[in-house]
Amino acid sequence: MLEIVASVFAVIAAGYLFALWRGVDKAGTKLLNDYVLFGALPALLFVAVARADVSELQQWGFMGATLAGIAFAFLAGLVVARAGGVRLPQAAIPAMAASYGTTGYMGVPILVAALGPEAAVPAAIATILHNIPVIMTVIILHDVMTRTASAEGGGIGQAIGGALKATLTNPLTVAVAAGVVVSASGLPLPDPLERFAVFLGAAAGPTALFALGLGLAQLDAGALREGRRIFAILPLIVIKVVLQPAVTLAVALLVFGMNASDPWLVAALIMAAQPIGAGVFVFASKYQYFEDETSVAIIASLIVALATLTILLTIYAG
């Protein structure tokens, strides 16, 4: 399993080194990211879910364990931030770092490489489960608290509406939802559409990983020189890479009675163990808080995940 994880990290490193060598700027990185986000990855997730039998999608233990791990990690991140004197809504960013991983860009390629093409279905569902709740919570918390502090109108209803719009119009959400509709209908995919989606989706894994490497090259890791900032992110990395998968596994085994060799449990575990996602930096920049720390946390968690993912894949997918 080390070979699988190492090859994944090698592609990320190739993207990182290419960005340094060719001087790729943020505009170039955004272009490749847009291709992954709006083209290749939605195509991969859509065709995987559309091909699945609707009964395959009713994995309540998988969903429950995944959501339990996310909820635990987010709340633990909030506790750590509040213990450090950070108030809401700013504390939502460290909480997001503790619970939001690189499920789409890194989790999907790893699962497909480790478990085969059939793993794209649980990977697709896990990607949505890891995206929608966390993103919506951060947006709602920040918008509600900001409006309350500034006495602006709109209230929680407007905040929820904005969060729903942001998450439900996400291309990955749309792709999985469309796949569920096709699967539930029982109608076969038209051959030209299926061929197109398969061909486009085949580029998702390596392109997403290469784009992730480009993005890492844009981050400022200068905060590594400040011990105070390092101590601020260490608990978040432990929560994200170690505790979230541990809670996900415990809930799957003890609450839902899943089998340790069940591919759906393995998928839930590996997706929970993903390093901190680059999307956290997007929100940190948007709300202008925790930006430097987030940059370092993303890179540091990626390095730690090289070891933890190898161990988990060897034990549960070997």
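This text gives an overview of the structure that appears in the document. Everything numeric in this text was worked out from a predicted model, so none of it was measured. (Residues numbered from 1 in each chain as written. Predicted model: local features only at pLDDT ≥ 70, side-chain atom pairs only at ≥ 80, totals over all residues. Heavy atoms only, no water.)

## Remarks on the packing of aromatic side chains
Piece 1. Enumeration according to the criterion identifies five aromatic pairs in this entry.
Piece 2. Centroid distance Phe-283 to Tyr-287: 6.2 Å. Interplanar angle 45°. Geometry classified as tilted. The same class applies to Phe-283 and to Tyr-287, which are both buried.
Piece 3. Arranged with centres 5.8 Å apart and planes meeting at 25°, the rings of Tyr-289 and Phe-290 form a pair that is stacked.
Piece 4. The rings of Phe-18, Trp-21 and Phe-210 are connected pair by pair, giving a single aromatic cluster. (Phe/Tyr/Trp six-rings, centres within 6.5 Å; stacked < 30°, edge-to-face > 60°. Buried < 20%, exposed > 50% of the residue type's maximum accessible area, 1.4 Å probe, protein only.)

## Observations concerning unusual backbone geometry
Piece 1. The step from Leu-88 to Pro-89 runs through a cis peptide bond, and the omega angle for that step is 5°.
Piece 2. For Pro-89, the location among the structural elements is in the loop between helix H3 (60-83) and helix H4 (92-97).
Piece 3. A positive phi angle, close to 55°, is found at Gln-288, a residue other than glycine.
Piece 4. With respect to the helices, strands and loops of the structure, Gln-288 is situated in the loop between helix H13 (279-286) and helix H14 (291-316).
Piece 5. A positive phi angle, near 65°, is found at Phe-290, a position not held by glycine.
Piece 6. Mapped onto the secondary structure, Phe-290 falls in the loop between H13 and H14.
Piece 7. We classify Phe-290 as buried; its relative accessible area is 10%. (Helix = DSSP H or I, 4+ residues; strand = E, 2+ residues; numbered from the N terminus.)

## Details of the pattern of salt bridges
Piece 1. Enumeration over the complete set of coordinates arrives at three salt bridges.
Piece 2. Notably, a salt bridge pairs Asp-34 with Lys-30, separated by 2.8 Å at the nearest N-O pair. One end of the pair, Asp-34, and the other, Lys-30, are both in helix H2 (residues 26-51), four residues apart, so they sit about a helical turn from each other.
Piece 3. You can call Asp-34 partly exposed: its relative accessible area is 25%.
Piece 4. Across the pair Arg-195 and Asp-191 runs a salt bridge whose closest N-O atoms are separated by 2.9 Å. A residue pair is termed a helical-turn pair when its members lie 3 or 4 positions apart in one helix, as Arg-195 and Asp-191 do in helix H9 (residues 191-201) at four residues. (Salt bridge = Lys/Arg side-chain N within 4 Å of Asp/Glu carboxyl O.)

## Looking at the packing of helix H12 (residues 263-272) against H14
Piece 1. Taken N-terminus to C-terminus, the directions of H12 and H14 make an angle of 175°; their axes are 10 Å apart at the nearest point. Between H12 and H14, the crossing angle belongs to the class labelled roughly antiparallel. Here Val-266, Leu-269 and Ile-270 of H12 lie close against H14, whose contacting residues are Leu-309, Leu-312, Leu-313 and Tyr-316.
Piece 2. Here the contact of H12 with H14 is composed, by residue class, of seven nonpolar, no polar and no charged. (Axes fitted to C-alpha atoms, helices over the stretch in contact; angles between N-to-C directions. Parallel < 35°, antiparallel > 145°, perpendicular 65-115°, else oblique. Contact = heavy atoms within 4.5 Å. Nonpolar A, V, L, I, M, F, W, Y, C, P; charged D, E, K, R; others polar.)

## Brief notes about the side chain of Thr-310
Piece 1. Here Thr-310 lies in helix H14.
Piece 2. At a separation of 2.6 Å, a polar atom in the side chain of Thr-310 contacts the main-chain carbonyl oxygen of Leu-306. (Polar contact = N/O pair within 3.5 Å; in protein donor to acceptor, adjacent residues only side chain to side chain.)

## Here we look at H2
Piece 1. Look at H2: 36 Å from first C-alpha to last across 26 residues, which is about the 38 Å you get at 1.5 Å a residue.
Piece 2. At Val-36, H2 is deflected by roughly 40°, the largest bend along its length.
Piece 3. For H2, the capping residue at the N-terminal end is Asp-25, with a side-chain oxygen 3.3 Å from the backbone nitrogen of Ala-27. (Expected span 1.5 Å × (residues − 1). Bend = angle between axes of the 7 residues up to and from the residue.)

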